[in-house]
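# Analysis of the macromolecular model
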Amino acid sequence: MLIDRAVVEVRSGNGGDGHISFLHDKNTEWGGPDGGNGGDGGSVYFLAKNNLNTLFPFRHSPLLSAEDGEKGMKKLMAGKRGDDLVVEVPTGTVVIDERDGHVLADLDEPGKKALVAKGGRGGRGNASYKSSRRRIPRIAQNGEKGERFRIILELKMIADVGLVGLPSAGKSTFLNLVSRANALTADYPFSTLSPNLGVTYLEDGNSFVVADLPGLIEGASQGKGLGTSFLRHAERTRVLVHLVAMDGMNDPVKAYKVIRKELEAYGGHLEERPEIVVASKMDIEGAAERKAEFDKELGVESFPLSSYERGGEVAILKKCEELLSKAPKFPLKGEEEKIRAYHPLEENLRLDDYVLLKEKGAYVVHGKKIEEDAARIQTKTEEGMMRLLSLLRKARLEEKLKAAGAKDGDEVRIGEVTFVYEE
Ligand SMILES: Nc1nc2c(ncn2[C@@H]2O[C@H](COP(=O)(O)OP(=O)(O)OP(=O)(O)O)[C@@H](O)[C@H]2O)c(=O)[nH]1
Ligand SMILES: [Mg+2]
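Residues numbered from 1 in each chain as written. Chains lettered and ligands numbered in written order. Predicted model: local features only at pLDDT ≥ 70, side-chain atom pairs only at ≥ 80, totals over all residues. Heavy atoms only, no water.

Close to ligand 1 lie 22 residues, the nearest being Lys171, Thr173, Phe190, Thr192 and Tyr308. At a separation of 3.1 Å, an oxygen atom of ligand 1 approaches a polar backbone atom of alanine 169. Summarising the interface, the protein chains cover 92% of the accessible area of ligand 1, which totals 650 Å² for the free molecule. Put simply, ligand 1 lies in the second largest pocket. (Near = heavy atom within 4 Å. Polar contact = N/O pair within 3.5 Å; in protein donor to acceptor, adjacent residues only side chain to side chain. Areas by Shrake-Rupley, 256 points an atom, 1.4 Å probe, with all protein chains shown as cover. 1 Å grid on protein atoms, 1.4 Å probe; cavity = no way out; pocket = protein on both sides within 12 Å on 5 of 7 lines; lining within 4 Å. Sits in = over half its atoms within 2 Å of the grid points.)

This part is about the packing of helix 1 (residues 171-178) against helix 5 (residues 313-324). As a packed pair, helix 1 and helix 5 sit with axes 11 Å apart at the nearest point and diverge in direction by 85°. As far as their axial angle goes, helix 5 and helix 1 are roughly perpendicular. Note on element contacts: helix 5 touches helix 1 through Glu313, Ile316 and Leu317, opposite Phe174, Leu177 and Val178. Of the residues in the contact of helix 1 with helix 5, the class split is five nonpolar, no polar and one charged. (Axes fitted to C-alpha atoms, helices over the stretch in contact; angles between N-to-C directions. Helix = DSSP H or I, 4+ residues; strand = E, 2+ residues; numbered from the N terminus. Parallel < 35°, antiparallel > 145°, perpendicular 65-115°, else oblique. Contact = heavy atoms within 4.5 Å. Nonpolar A, V, L, I, M, F, W, Y, C, P; charged D, E, K, R; others polar.)

Turning our eyes to something else, we now look at the packing of aromatic side chains. Following the criterion strictly, the structure yields one aromatic pair and no others. With a centroid separation of 6.0 Å and an interplanar angle of 80°, the aromatic rings of tyrosine 256 and phenylalanine 294 are classed as edge-to-face. Taken together, the residues span a long stretch of sequence, with tyrosine 256 in helix 3 (residues 252-266) and phenylalanine 294 in helix 4 (residues 287-298) at a distance of 38 residues. Here tyrosine 256 matches phenylalanine 294 in class, with each residue buried. Above the face of the phenylalanine 149 ring, arginine 99 is positioned so that its terminal group lies 4.1 Å from the ring centre. Here the guanidinium or amino end of arginine 124 rests over the ring plane of tyrosine 129, the centre of that ring lying 4.1 Å away. (Phe/Tyr/Trp six-rings, centres within 6.5 Å; stacked < 30°, edge-to-face > 60°. Buried < 20%, exposed > 50% of the residue type's maximum accessible area, 1.4 Å probe, protein only. Lys NZ or Arg CZ within 6 Å of the ring centre and 35° of its normal.)

This part is about the side chain of arginine 260. Relative to the assigned elements, arginine 260 resides in helix 3. Taking relative accessible area as the criterion, arginine 260 reaches 15% and is therefore assigned buried. Polar contacts involving the side chain of arginine 260 include one to the side chain of glutamate 275, which spans 3.0 Å. Residue contacts for arginine 260: discarding those within four places in its chain leaves His242, Glu271 and Glu275.

The next thing to look at is the pattern of salt bridges. A complete count under the given rule lists 22 salt bridges for this structure. A salt bridge links arginine 121 to glutamate 144, with the nearest nitrogen and oxygen atoms 3.2 Å apart. Of this pair, arginine 121 sits in the loop between strand 7 (113-117) and strand 8 (148-155) while glutamate 144 sits in the loop between strand 7 and strand 8, placing them 23 residues apart in sequence. On the basis of relative accessible area, arginine 121 is assigned to the partly exposed category, the value being 49%. Sharing partners across several salt bridges, the network here consists of Lys319, Glu322 and Lys326. (Salt bridge = Lys/Arg side-chain N within 4 Å of Asp/Glu carboxyl O.)

This paragraph deals with the layout of surface pockets. Gaps between atoms show up when a probe of the same size as a water molecule is rolled over them. Considering only enclosed or pocket space, the second largest pocket measures out at about 700 Å³ in volume. Lining the second largest pocket are 38 residues, with Ser168, Ala169, Gly170, Ala186 and Lys281 sitting closest to its centre. Counted by class, the lining of the second largest pocket contains 19 nonpolar, 14 polar and five charged residues. (Points joined across faces, edges and corners; volume = space filled by probe spheres on them.)

Turning to the environment of glutamate 275, a few remarks are in order. Mapped onto the elements, glutamate 275 comes out in strand 13 (residues 275-280). Residue contacts for glutamate 275: discarding those within four places in its chain leaves Leu240, His242, Tyr256 and Arg260. Within the local environment of glutamate 275, its side chain forms a polar contact with the side chain of tyrosine 256, the two groups lying 2.7 Å apart.

Moving on: helix 3. Between the first and last C-alpha of helix 3 there are 22 Å, a value that for 15 residues agrees with the 21 Å anticipated at 1.5 Å per step. The set of residues buried in helix 3 consists of Pro252, Val253, Ala255, Tyr256, Val258, Ile259, Arg260, Glu262, Leu263 and Tyr266. (Expected span 1.5 Å × (residues − 1).)

Nothing here speaks to function; it is geometry throughout.
As structure tokens, this is what we get:
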């Protein structure tokens, strides 16, 4: 069975902290600052590969982690950069941020590589703070934290033509007829449990990929039967061939409408794809009359097909070719509004965008930017404290604390940074 969905956690590396040190040796008693920068944390990338075809391995690797950057050292030695992690996935995999459903990457071409979790930057060592004004910098920067979040991997097959229809409509039999696929066919419903692909070669040398999708039933778009996981595969196709059996088992008009309803309910523009209506199993007695009635009632001219007697398939394939030459590439469900560049929102975060809450007697500052900036300051030195104060001033925290009624000695917390308020 094809495993086509997996949930995993990604973690990019933390940046290494910058170092504070001063050169000392037997010749130089006082040689100036020489603390090196911390190394950047590694990032997590995803890479599309053609020789892979399942997401199965991800069932067992819940945390995909890049390496942390190392701390800076004395003698201007920079910390080692953390190694990136490059995760290889089958071509056609979509990476979705589980937190908000955004598509982070659509790896629809072999060799495509996408950044999914960016490593934290290394902190600056004290040597980098040296200037004519500041000759003895006792300050360094903490490394930026990496990211950690859960993502959904979805593998959507890439095929040009999708075969849809009720169970036992004859989809797999048709696929075997027009390609060298060896799909299982059977006289019971749901014989196809995962999609089969076949390549059809036409006489003019053109070829395209046909996907035989599992049978759909009423309620499939709500997850009934084999459900939405298979409608998802249909999203990758550009033309649908809709098979309706004329064997008298089901009312053909009703059978047709059930499938149309499910395609519409799914919402991935499936219903907008060009559709070729095929009347299958035309060799069965009474099929011609049923087809005539079906065509009349729906106002269509369906293509007749008998996979047993080989009739009609050439015209159907010709029509596929004609429609494929015109059909656009459809965006994936949810992709249009949601696909975005790498976290652009966070670039615009403002320092004074935070809320101040009183929690168990302490004043706690909640804001993404101010928390991140504060976390990068090494408060163990006096200069670090000066930096923190300047940050608080920029964020107008003092005013807000005063307005909130803070008193001398009250505790204030920003993330993991804690200090005491002084009036
Ligand atoms: N008489 C006749 N029987 C057919 C024809 N095509 C398929 N069948 C039979 O119909 C049954 C179902 O065919 P499949 O191709 O497995 O149907 P399917 O649409 O793939 O079914 P699911 O995978 O369950 O959705 C099988 O017993 C086939 O042998 C045809 O053209 N004529
Ligand atoms: Mg089948």
